Amino acid sequence: MNEEKDFIYDEDEVVRFIQNYLPQEMKGRFSDDDLIYLIDLISDYYESKGFFDGADDEIVEIDEDELIRYVIENAERDDVCKLTAEEVILIVKGELAYCESIHLFE
């Protein structure tokens, strides 16, 4: 990822984006710290796949199912916050929607 893209991915913005992305019945259910922890897991996944090491003009294809499994497995292992698979899916989709909105992987 180039420096310009590093700058536009803002953790506070991602948290706000995800909080707004969640359906009404889930709003307020997760603290900002819970979301930051999950965002860190997502970033760990991206790094493990080399998404931040690619050429600037390379389009990244993300396997959503694999990403969701990664987050669920690590969240369960770390026992930091209790989440259902449905909640993880929505949070991951919110993070991916944020990345798409800022054209992070294009």
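Scroll up to find the structure this text is about.
Keep in mind that this is a model prediction, so the values were computed, not measured.

A. Main features of the packing of aromatic side chains. Counted according to the given criterion, the structure contains five aromatic pairs. Between the aromatic rings of Tyr 9 and Tyr 98, the centroid separation amounts to 5.6 Å while the plane-to-plane angle is 80 degrees, which identifies the pairing as edge-to-face. On the criterion of sequence distance, the pair formed by Tyr 9 in the loop between α1 (3-8) and α2 (11-21) and Tyr 98 in helix α5 (residues 85-101) is long-range, its members being 89 residues apart. Both residues of the pair, Tyr 9 and Tyr 98, belong to the buried class.

B. Summary view of the side chain of Glu 95. Take Glu 95: it is sitting in helix α5. An unpaired buried charge is present at Glu 95: no salt bridge exists, and Lys 93, the closest side chain of opposite charge, is 11 Å distant. Setting aside residues no more than four positions away along its own chain, Glu 95 makes contact with Tyr 9, Val 14, Ile 18, Ile 42 and Tyr 46.

C. Layout of the nonpolar core. Tyr 9, Leu 38, Tyr 46, Leu 67, Val 71, Ile 91 and Val 92 are the most contacted members of the largest nonpolar core, which has 31 residues in total. Listed by contribution, the elements that provide at least two residues to this core are α2, α3 (32-48), α4 (64-78) and α5. In terms of residue count, the dominant contributor to this core is α3 (eight residues). Contacts of Tyr 9, omitting those with residues within four sequence positions, involve Val 14, Ile 39, Ser 43, Glu 95, Tyr 98, Cys 99, Ile 102 and Leu 104.

D. Layout of the packing of α2 against α3. Taken N-terminus to C-terminus, the directions of α2 and α3 make an angle of 110 degrees; their axes are 10 Å apart at the nearest point. Taken together, the axis directions place α2 and α3 in an arrangement best described as roughly perpendicular. You can see that α2 and α3 cross each other, and the crossing is right-handed. Taken together, the residues of α3 that come into contact with α2 (itself represented by Glu 11, Val 14, Val 15, Ile 18 and Gln 19) are Asp 32, Leu 35, Ile 36, Ile 39 and Asp 40. Taken together, the residues of the contact of α2 with α3 break down into six nonpolar, one polar and three charged.

E. Structural context of the pattern of salt bridges. Per the counting criterion, the structure on display carries four salt bridges. With its nearest N and O atoms 3.4 Å apart, the salt bridge here joins Lys 49 to Glu 66. Here the residue Lys 49 occupies a position in the loop between α3 and α4, and Glu 66 occupies one in helix α4, the gap between them amounting to 17 residues. The class of Lys 49 is partly exposed, set by a relative accessible area of 41%. Residue Asp 78 is joined to Arg 77 by a salt bridge in which the shortest nitrogen-to-oxygen separation is 2.8 Å. The partly exposed category is assigned to Asp 78, whose relative accessible area is 30%. In this structure Arg 77 comes out as exposed when scored by relative accessible area, which is 59%.

Cut-offs applied
- Residues numbered from 1 in each chain as written.
- Predicted model: local features only at pLDDT ≥ 70, side-chain atom pairs only at ≥ 80, totals over all residues.
- Heavy atoms only, no water.
- Phe/Tyr/Trp six-rings, centres within 6.5 Å; stacked < 30°, edge-to-face > 60°.
- Helix = DSSP H or I, 4+ residues; strand = E, 2+ residues; numbered from the N terminus.
- Buried < 20%, exposed > 50% of the residue type's maximum accessible area, 1.4 Å probe, protein only.
- Lys, Arg positive; Asp, Glu negative; His and termini not counted.
- Salt bridge = Lys/Arg side-chain N within 4 Å of Asp/Glu carboxyl O.
- Contact = heavy atoms within 4.5 Å.
- Core = buried A, V, L, I, M, F, W, Y, C linked by side-chain atoms within 4.5 Å.
- Axes fitted to C-alpha atoms, helices over the stretch in contact; angles between N-to-C directions.
- Parallel < 35°, antiparallel > 145°, perpendicular 65-115°, else oblique.
- Left-handed = near helix turned anticlockwise from the far one by under 90°.
- Nonpolar A, V, L, I, M, F, W, Y, C, P; charged D, E, K, R; others polar.

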